[in-house]
Amino acid sequence: MSQINIWWIRRDIRLNDNQTLHAALEGAEYLVPLFIIEPELMAEAALKRRAFLLSSLAELDQQLRKRGSQLIIRQGPARKAFQSLSEDLEDMAIYSHEDFSPFARHRDEEIKVNFNLKFSQGVVLRHPTSVLKNDGDPYVVFTPYKNTWYEKPLPTPADILPAPGRLPPLPEGLKTDSLPEADAPAGFPGTEEEARNRLSSFIENEIEKYQSRRDRMDLEGTSQLSPYLRFGLISPREAFAKAQVARIQAKGDQKRSEISTWMDELVWREFYTAILYHFPRVMDGPFREDYKDIRWRYAPEDLQAWQAGQTGFPIVDACMRQLLNTGWMHNRGRMIVASFLTKDLLINWQKGESWFMANLIDGDPAANNGGWQWSAGTGTDAAPYFRIFNPVLQGQKHDPDGEYIARWVPELSELPVKYRHEPWKMSQEEGKSRNFKLGKDYPQRLVDHKFARQRTLDAYKSARSG
Ligand SMILES: Cc1cc2nc3c(=O)[nH]c(=O)nc-3n(C[C@H](O)[C@H](O)[C@H](O)COP(=O)(O)OP(=O)(O)OC[C@H]3O[C@@H](n4cnc5c(N)ncnc54)[C@H](O)[C@@H]3O)c2cc1C
């Protein structure tokens, strides 16, 4: 019987360094590059994320056609798609990347009951069960996790698998559904070439300054690779291998340390994936159960103002408007707005988590949940509850000239820098001379930070003692 191998594409939309594709090619007489459109995931996906996914798949299809193949699209749920495929293809083996979210694990368990599903690795570099404490328990604190993570050798460029040339044909007569059109442009070009160019240009121009510039919101000091890693247009192995080469070649401890900081960010990604794998309950509530009874405020209007970038705190509003416009937000911004929602507005972090998932182009359940629980102080290795960002100081420090604010909150762009951060400090007279009125041209602050800070300290304390 002819060997039909299915390459079930999920978070590995790439031809380069794809372990699953290589495994699926072994002995394959026919290869079916398959993407299943899961209604459940599509319904939840942010417009930009959906657009990025669809444009990346369209590009992959082009690349496959150049190699004598084609992308096959089927409508989910996966179980149904495979049932219908198996009616056409008698002897099929399914190859896929192991994925670690509760949704993916549940789906894959179901598929394994009836089909021959074989996993390769590649969503992260180290499997969640391969970085454990001596007693076999998972780590819940980042630094010791990271130390153990680095004990194993890092990949080198020689480990990166090349994209295959010609591919085996599709079985005759196999039909494909059509790929839906994206509703809006994604903003980030969905091609492997773009992912690899971004990585190269970041390594060439930025990585040696990463630690010093990554928090500056007015600069482009980070790689902006997150959507590409999210959907696997580039492998984490390639990112680690190339960063490691840069670290070996860097001159001086300072530069090496800047590069290490970037690699550590990739390890955070692995850490949060492992946390979600070992503690799937974090999707439903705080990791630290002593915080399950925090009395969050029910404040739909405040939540809406936060979502719309209308809180009256310029740095918060700039970040939230960047998210609405581009689907992406700077990491420092994510921390600022998450702290603001949970600690200034005392609104449950889960509301922010789901707003981010509904809007982020790189929305990833593990990193997003980890980031929110870190910010709310309820997570594994979280910011302590009493560390409450002052949104004005954060803005002044990380956007010193107010340029980021001016870009995203244009109604403040004509004001002198000090007022861009604190428009309420402008006298009425000065406002008049600048034709600017607080409350009309830009909202009044939703809360008084000092008051809000105390309210949060009290709420967290009473949750712990209650
Ligand atoms: C509240 C909150 C929510 C977040 N939600 C997400 C999310 O849904 N998806 C997501 O990919 N990241 C998320 N992050 C992490 C981080 O903000 C983004 O990964 C980063 O801003 C992406 O920009 P970059 O590619 O330029 O990152 P770089 O600074 O260039 O970092 C390189 C890569 O490392 C990974 N990374 C960096 N920081 C983190 C981190 N703290 N946790 C996990 N991975 C990290 C990303 O894959 C990133 O692309 C969140 C952070 C917070 C505080």
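Residues numbered from 1 in each chain as written. Predicted model: local features only at pLDDT ≥ 70, side-chain atom pairs only at ≥ 80, totals over all residues. Heavy atoms only, no water.

### Thoughts on empty space enclosed by the protein
Right, on to step 1. A full pass over the atoms with the stated rule returns 4 cavities of 30 Å³ or more.
Right, on to step 2. Estimates place the volume of the largest cavity at around 90 Å³.
Right, on to step 3. Lining the largest cavity are 15 residues, with Tyr-272, Ile-275, Asn-369, Gly-370 and Thr-380 positioned closest to its centre.
Right, on to step 4. For the lining of the largest cavity, the secondary structure elements donating two or more residues are α11 (253-278) and α16 (365-376).
Right, on to step 5. The residue inventory of the lining of the largest cavity, partitioned by class, reads 9 nonpolar, 5 polar and 1 charged. (1 Å grid on protein atoms, 1.4 Å probe; cavity = no way out; pocket = protein on both sides within 12 Å on 5 of 7 lines; lining within 4 Å. Points joined across faces, edges and corners; volume = space filled by probe spheres on them. Helix = DSSP H or I, 4+ residues; strand = E, 2+ residues; numbered from the N terminus. Nonpolar A, V, L, I, M, F, W, Y, C, P; charged D, E, K, R; others polar.)

### Focus: the packing of aromatic side chains
Right, on to step 1. In total, this model carries 28 aromatic pairs according to the counting rule given.
Right, on to step 2. Consider the rings of Phe-188 and Tyr-228, whose centres lie 6.4 Å apart with planes at 55°: the pair is tilted. Of this pair, Phe-188 sits in the loop between α6 (142-149) and α7 (192-205) while Tyr-228 sits in helix α9 (residues 226-230), and the two are 40 residues apart along the sequence. Across this residue pair, the class does not change: Phe-188 and Tyr-228 are buried.
Right, on to step 3. Each ring, one from Tyr-385 and one from Phe-386, has its centre 5.4 Å from the other, and the planes form 80°; the classification is edge-to-face.
Right, on to step 4. Overall, Phe-386 belongs to the partly exposed group, its relative accessible area being 49%.
Right, on to step 5. Ring-pair connections join several aromatic residues into one group, and the members of that group are Tyr-139, Phe-142, Tyr-145, Trp-268, Phe-271 and Tyr-272.
Right, on to step 6. Directly above the ring of Trp-8 sits Arg-10, whose terminal nitrogen or CZ lies 4.3 Å from the centroid.
Right, on to step 7. It is Arg-445 that lies over the ring of Trp-424; its NZ or CZ is 3.9 Å from the centre. (Phe/Tyr/Trp six-rings, centres within 6.5 Å; stacked < 30°, edge-to-face > 60°. Buried < 20%, exposed > 50% of the residue type's maximum accessible area, 1.4 Å probe, protein only. Lys NZ or Arg CZ within 6 Å of the ring centre and 35° of its normal.)

### Observations regarding the domain arrangement of the protein
Right, on to step 1. Splitting the protein by domain gives domain 1 (4-123), domain 2 (124-158 + 193-278) and domain 3 (289-465).
Right, on to step 2. If you average the C-alpha positions of domain 1 and of domain 3, the two centres end up 38 Å apart.
Right, on to step 3. Listed by partner, the interface residues are 8 residues for domain 1 and 12 residues for domain 3.
Right, on to step 4. Together domain 1 and domain 3 conceal approximately 620 Å² of surface at their shared face, both sides included; 53% is due to carbon and sulfur atoms.
Right, on to step 5. Its largest share of buried area at the contact with domain 3, domain 1 owes to Ala-46, Lys-48 and Arg-49, together 70% of the area lost on that side.
Right, on to step 6. Between the two partners, domain 1 and domain 3, sit 1 salt bridge.
Right, on to step 7. The partner of Arg-11 in a salt bridge is Asp-364, with the nearest N and O atoms 3.1 Å apart.
Right, on to step 8. For the pair domain 1 and domain 3, the number of links is 3 residue pairs in polar contact (both at pLDDT 80 or more). (Domains from an automatic or database assignment. Contact = heavy atoms within 4.5 Å. Buried area = accessible area lost by both parts, 1.4 Å probe. Salt bridge = Lys/Arg side-chain N within 4 Å of Asp/Glu carboxyl O. Polar contact = N/O pair within 3.5 Å; in protein donor to acceptor, adjacent residues only side chain to side chain.)

### What to know about the site of the ligand
Right, on to step 1. Among the 27 residues in the neighbourhood of the ligand, the closest are listed as Tyr-210, Thr-222, Ser-223, Gln-224 and Asn-331.
Right, on to step 2. The contact in question runs from an oxygen atom of the ligand to an N or O atom on the backbone of Ser-226, over 3.0 Å.
Right, on to step 3. Relative to its unbound accessible surface of 820 Å², the ligand loses 95% to contact with the protein.
Right, on to step 4. In this structure the site holding the ligand corresponds to the largest pocket.
Right, on to step 5. Among the secondary structure elements, those contributing two or more residues to the shell around the ligand are α9, α11, α14 (331-344) and α16.
Right, on to step 6. The biggest single contributor to the shell around the ligand is α11, with 6 residues.
Right, on to step 7. Split into classes, the residues belonging to the shell around the ligand amount to 14 nonpolar, 8 polar and 5 charged.
Right, on to step 8. For the shell around the ligand, the domains that each give at least three residues are domain 2 (124-158 + 193-278) and domain 3 (289-465). (Near = heavy atom within 4 Å. Areas by Shrake-Rupley, 256 points an atom, 1.4 Å probe, with all protein chains shown as cover. Sits in = over half its atoms within 2 Å of the grid points.)

### What to know about the nonpolar core
Right, on to step 1. Trp-7, Tyr-145 and Trp-262 are the most contacted members of the largest nonpolar core, which totals 63 residues.
Right, on to step 2. Looking at this core element by element, the count peaks at 10 residues for α11.
Right, on to step 3. If we skip the residues at most four places from it in the chain, Tyr-145 touches Val-131, Tyr-139, Val-267, Glu-270, Phe-271 and Ala-274.
Right, on to step 4. Of all hydrophobic cores here, the second largest spans 50 residues; its members include Met-217, Leu-323, Trp-349 and Phe-356. (Core = buried A, V, L, I, M, F, W, Y, C linked by side-chain atoms within 4.5 Å.)

### Section: the sheet that holds strand β4 (residues 92-97)
Right, on to step 1. The sheet built from 5 strands is open, its strands ordered β3-β2-β1-β4-β5 with parallel pairing. Across the chains shown, the open sheet's two edge strands, defined by having one partner strand only, are β3 (72-75) and β5 (117-120). The average undirected angle you get between the axes of adjacent strands in this sheet is 30°.
Right, on to step 2. Sheet topology note: the strand β1 (residues 4-8)/strand β2 (residues 30-37) ladder contains 5 bridges and is parallel. (Pairing = 2+ DSSP bridges. Axes fitted to C-alpha atoms, helices over the stretch in contact; angles between N-to-C directions.)

### Topic: α7
Each full turn of the α-helix corresponds to 3.6 residues, which orients residues three or four apart in the same direction.
Right, on to step 1. Counted at 1.5 Å a residue, the expected span for α7 with its 14 residues is 20 Å, and the 20 Å between its end C-alpha atoms agrees.
Right, on to step 2. Inspection of α7 places Glu-192, Ala-195, Arg-198, Leu-199, Phe-202 and Ile-203 among the buried residues, and these make up the whole buried set. On an axial view of α7, the arc spanned by its buried residues comes to 130°, and they lie on one face. Away from the buried face of α7 by more than 90 degrees, exposed residues Glu-193 and Glu-204 are located.
Right, on to step 3. Those residues of α7 that are buried are in contact with α8 (210-213), α9, α10 (236-249) and α11. (Expected span 1.5 Å × (residues − 1). Arc of directions from axis to C-beta.)

### Concerning unusual backbone geometry
Right, on to step 1. The step from Gly-76 to Pro-77 runs through a cis peptide bond, and the omega angle for that step is 0°.
Right, on to step 2. Summarising the element assignment, Pro-77 is placed in the loop between β3 and α4 (78-88).
Right, on to step 3. With a phi close to 45°, Asp-17 is a non-glycine residue in the positive phi region.
Right, on to step 4. Locating Asp-17 in the fold gives a position in the loop between β1 and α1 (19-25).
Right, on to step 5. Look at Gln-224: it is not a glycine, yet its phi comes out positive at around 50°.
Right, on to step 6. The topology assignment puts Gln-224 in the loop between α8 and α9.
Right, on to step 7. Assessed through its relative accessible area of 18%, Gln-224 is described here as buried.

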